[in-house]
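In case you want the letters, here they are:
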Amino acid sequence: QVQLVESGGGLVQAGGSLGLSCAASGRSFSNNAMGWFRQAPGKEREFVATISSGGSTRYADFVKGRFTISRDNAKNTVYLRMNTLKPEDTAVYYCAARGSTYGGIYYRESDYNYWGQGTQVTVSS
């Protein structure tokens, strides 16, 4: 059974940093795109960042220059380093993995087949 388990969320002051991890089990995702999405209270889930099987990355405009996505295929894990956090970054953060091994960059929720349970990130002002 495939599982994605996020960790690293928490409470941080504005301007601070947090690092999220997402460990996958049940199958290897080294040849699959992986991504991070988030959902703030009362809002729809939105794309944050993605990393292709080849290591190419793309970010939502609102996190460019502040967040960094990376992956360790040996550990079957994807990371999200978040710097200069703002109160508007408060949300539940979800990692996702694409089932297909086709290369490319994927922004849509529907592109991803596997999801973690989410981890809460709260940024205080």
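Before reading on, note that the structure itself is shown above.
These notes cover the structure that comes with them. None of the values given here were measured: they were computed from a predicted structure.

Taken as a whole and judged by the stated rule, the model has one cavity of 30 Å³ or more. The calculated volume of the largest cavity comes to roughly 30 Å³. Residue lining of the largest cavity: Phe29, Ser30, Met34, Arg71, Asp72, Asn73, Asn76 and Thr77, and that is the complete set. Looking at the lining of the largest cavity residue by residue, the class counts come to two nonpolar, four polar and two charged.

A few words now on the pairing of strand E1 (residues 3-7). The two faces of E1 differ: Leu4 and Glu6 on one face are buried, but Gln3, Val5 and Ser7 on the other face are not. As paired elements, E1 and strand E3 (residues 18-25) share five bridges and run antiparallel to each other. From the neighbouring strand, glutamine 3 faces E3, where its bridge partner is serine 25.

Moving on, we get to the side chain of threonine 77. Relative to the assigned elements, threonine 77 resides in strand E8 (residues 77-82). Of note is the side chain of threonine 77, whose polar atom sits 2.8 Å from the backbone oxygen of lysine 75. Aside from chain neighbours lying at most four places away, what touches threonine 77 is Ser21, Cys22, Ala23, Ser70, Arg71 and Asp72.

The rules behind these values
- Residues numbered from 1 in each chain as written.
- Predicted model: local features only at pLDDT ≥ 70, side-chain atom pairs only at ≥ 80, totals over all residues.
- Heavy atoms only, no water.
- 1 Å grid on protein atoms, 1.4 Å probe; cavity = no way out; pocket = protein on both sides within 12 Å on 5 of 7 lines; lining within 4 Å.
- Points joined across faces, edges and corners; volume = space filled by probe spheres on them.
- Nonpolar A, V, L, I, M, F, W, Y, C, P; charged D, E, K, R; others polar.
- Buried < 20%, exposed > 50% of the residue type's maximum accessible area, 1.4 Å probe, protein only.
- Helix = DSSP H or I, 4+ residues; strand = E, 2+ residues; numbered from the N terminus.
- Pairing = 2+ DSSP bridges.
- Polar contact = N/O pair within 3.5 Å; in protein donor to acceptor, adjacent residues only side chain to side chain.
- Contact = heavy atoms within 4.5 Å.

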